[in-house]
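Descriptive analysis of the structure
Now for the letters of each chain:
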Amino acid sequence: MLDIMLPHYGDLALLKLAVTSVLAQTDDRWQLTVLDDNPADRVHGIPEWFATLDHPRVKYRRNPQNLGVTGNFQQCIDLATQPFMVIMGCDDVMLPRYVERVHALIDTHPEAVLIQPGVEVIDENGTVVKTLVDSTKRRVYAPRFAGTTVMSGEDLAVSLLRGNWLYFPSLCWRTEEMKAVGFNPSLKVIQDLALILELVARGGTLVADEEVCFQYRRHGSSLSAASAVTGGRFSEARNFFLGAAARMEAHGWPRAARTARWHLSSRLHALTMLPSAAKQRSGSSVRVLTRYAFGPPRN
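First, a word on scope: everything that follows refers to the structure included in this document. (Residues numbered from 1 in each chain as written. Predicted model: local features only at pLDDT ≥ 70, side-chain atom pairs only at ≥ 80, totals over all residues. Heavy atoms only, no water.)

Let's talk about the overall build of the protein
Which entries qualify depends on this criterion: Numbering of helices and strands runs from the N terminus, with a helix taken as a DSSP run of H or I at least four residues long and a strand as a DSSP run of E at least two residues long. Only protein chains enter the accessibility calculation, which uses a 1.4 Å probe. A residue is then buried if its area is under 20% of the maximum for its type, exposed if over 50%, and partly exposed in between. Computed with a 1.4 Å probe, the accessible areas rest on the Shrake-Rupley method; for each residue, only the protein chains presented here act as cover.
Looking only at helices and strands, one finds 13 helices and 9 strands in the protein. Looking at the protein as a whole, 51% of its 299 residues are labelled buried. With an accessible surface of roughly 13,800 Å², the protein has 54% of that area assigned to carbon and sulfur atoms.

Here it is as structure tokens:
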């Protein structure tokens, strides 16, 4: 069985699409747990809809108090019981062969700690799109391979620190490793990369596959998008990359440490946010983004 954990805070219509996509899987070796982090005045109709499903492998839970993004992610880990797990986005879509393909990759690569299946990006309306961010991920930062590739060690750390080309909600994780590390509660946006790097430093292997079986929804209303425009994402990122550089150095991975200090892809991202911050006439955001994009690397 595969644990599909679905932390929710948002739109019921998109949640229904996500859950329905899990129900449509060609492989039944899954169980779904929805963890609703909405406050009480925003859950109207959600418990009732799940009650109508009456599915033996679907569970709906509402948090008695709001945990926030990272807290709800951590709860997903805490409640997982199967050897492998997914923390799916509540607005994303699993294509019908996702579970089947992931199980096949686990069978072929039983040592895997992380599995990245093929992903296509959709917009608010469910239309497949090609964005600048995702084109850059694929053409500049992601390794080039045909079929399936296996990565680990400093080479994988350097690759991800150059530019995180993974799609967090689509990843399949080895549960025991997730429980051993967990999410950093102090991080609000970049917590996925922090966790992945810890897993890599522990010897974790990543299996990446080109067969598209997941749709990742990208839209401007996300927390990461909003924090990018205000500059909050980059204040967090600066501290994270400096800490990552120190950890990579101590781990004996000097190339990874150097890449973390420069964090070029993150700087370029900040640079692309400057026009939006200027348009909003936010002087503080412009200053944060400018310092982040053009500041020298630090030891």
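Here's the deal with the layout of surface pockets
Applied cut-off: Lining residues are defined by having an atom within 4 Å of a point belonging to a cavity or pocket. Those points lie on a 1 Å grid over the protein atoms alone, cavities being sets where a 1.4 Å probe fits but cannot get out and pockets being open sets with protein on both sides within 12 Å along at least five of seven lines. Grid points are joined across faces, edges and corners, and a volume is the space filled by probe spheres set on the points.
Volume-wise, the second largest pocket comes out at about 400 Å³. Where the lining of the second largest pocket is concerned, the elements lending two or more residues are β6 (114-122), α5 (132-141) and β9 (206-217). With 5 residues, β6 is the single largest residue contributor to the lining of the second largest pocket.

Some thoughts on helix α2 (residues 46-53)
For the record, the criterion: For this quantity, the arc is that covered by the directions from the helix axis to the C-beta atoms. Working rule for contacts: check all heavy atoms of both residues, and any pair within 4.5 Å makes them a contact.
Regarding α2, the residues found buried are Ile-46, Trp-49 and Phe-50. Taken end-on, α2 shows its buried residues confined to a sector of 95 degrees, consistent with a single buried face. Facing away from the buried surface of α2 by more than 90 degrees, the exposed residues are Ala-51 and Thr-52. Contacts made by the buried residues of α2 are with β1 (2-8), α1 (12-23), β2 (30-36) and β3 (58-62).

Observations regarding the packing of aromatic side chains
Stated precisely, the cut-off is as follows: Planes of paired rings set the category: under 30 degrees apart is stacked, over 60 is edge-to-face and the rest tilted, where pairs are Phe, Tyr or Trp rings (Trp by its six-membered ring) whose centres lie within 6.5 Å. Only lysine NZ and arginine CZ atoms are considered, and such an atom sits over a ring when it is within 6 Å of the ring centre and within 35 degrees of the ring normal.
Considering all chains together, one arrives at 9 aromatic pairs under this definition. Ring plane angle 75 degrees and centroid distance 5.8 Å describe the contact between Phe-168 and Trp-173, whose orientation is recorded as edge-to-face. Take Phe-168 and Trp-173: they sit in the same class, and that class is buried. Linked through ring pairs, Phe-73, Phe-168, Trp-173 and Phe-183 together constitute an aromatic cluster. It is Arg-57 that lies over the ring of Trp-30; its NZ or CZ is 4.3 Å from the centre. Lying across the ring of Tyr-167, Lys-137 places its NZ or CZ 4.0 Å from the centre.

As for the nonpolar core
Inclusion rule: Here, nonpolar core means buried Ala, Val, Leu, Ile, Met, Phe, Trp, Tyr and Cys residues that are tied together by side-chain atoms lying within 4.5 Å of each other.
Counting 46 residues, the largest nonpolar core has Met-85, Ile-87, Trp-165, Trp-173 and Phe-240 as the members making the most contacts within it. The set of elements that each furnish at least two residues to this core consists of α3 (68-79), β4 (84-87), α6 (153-162), α8 (191-201), β9, α10 (232-250) and α11 (254-262). When residues in this core are grouped by element, the largest group, 7 residues, is from α8. Sequence-distant contacts of Ile-87, defined by excluding residues within four places in its chain, comprise Met-5, Pro-7, Phe-73, Cys-76, Ile-77, Phe-168, Pro-169, Leu-171, Trp-173, Met-178 and Phe-183. Within the second largest apolar cluster, 34 residues are counted, among which are Ile-4, Val-22, Val-34 and Phe-214.

Quick notes on α1
Here is the rule we go by: Here the expected span of a helix is defined as 1.5 Å times the quantity of residues minus one. Under the rule applied, a polar contact is a pair of N or O atoms within 3.5 Å (in protein, one hydrogen donor and one hydrogen acceptor; residues adjacent in sequence only if both atoms are side-chain atoms).
An ideal rise of 1.5 Å per residue puts 16 Å on 12 residues; α1 measures up with 16 Å between its terminal C-alpha atoms. Turning to α1, its buried residues are Leu-15, Ala-18, Val-19, Ser-21 and Val-22. The buried side chains of α1 occupy one side of the element, clustering within an arc of 155 degrees when seen end-on. Where α1 begins, one side-chain oxygen reaches toward the backbone nitrogen of Ala-13, 2.9 Å away; that side chain belongs to Asp-11.

Re the packing of α6 against α11
Worth spelling out the cut-off: As a rule, the C-alpha atoms of each element are fitted with a line to give its axis, helices using only the stretch in contact, and angles between N-to-C directions run from 0 to 180 degrees. When an angle is under 35 degrees it counts as roughly parallel; over 145 it counts as roughly antiparallel; between 65 and 115 it counts as roughly perpendicular; any other value is oblique. Following the grouping adopted for this structure description, the nonpolar residues are Ala, Val, Leu, Ile, Met, Phe, Trp, Tyr, Cys and Pro, the charged ones are Asp, Glu, Lys and Arg, and the polar ones are all others, Gly among them.
Packing of α6 against α11 leaves a shortest axis separation of 9 Å and a crossing angle of 5 degrees. Comparing the axis directions of α6 and α11 gives the class roughly parallel. When α6 is examined against α11, the residues Glu-154, Asp-155, Ala-157, Val-158, Leu-161 and Arg-162 are found in contact with a partner set consisting of Pro-254, Arg-255, Ala-256, Thr-259 and Ala-260. Residues of the contact of α6 with α11, tallied by class, amount to 6 nonpolar, 1 polar and 4 charged.

Observations regarding the pairing of strand β7 (residues 148-151)
To be explicit about the condition: The pairing criterion is simple: DSSP has to find at least two bridges between the two strands.
Residue alternation in β7 divides its side chains into a buried set, Thr-149 and Met-151, and an unburied set, Thr-148 and Val-150. Looking at chain direction, β7 and β9 are connected through 4 bridges and run antiparallel. Along β9, the bridge assignment pairs Thr-149 with Ala-208.

A look at the pairing of β4
Of the two faces of β4, the one lined by Phe-84 and Val-86 and the one lined by Met-85 and Ile-87 are each fully buried. As defined by bridge partners, β1 adjoins β4 across 4 bridges and the pair is classed as parallel. Bridging from a neighbouring strand, Ile-4 pairs with Val-86 of β4. Pairing analysis gives 3 bridges linking β4 to strand β8 (residues 172-174), with the strands arranged antiparallel. Residue Val-86 lies in a different strand from β8, and its bridge partner there is Cys-172.

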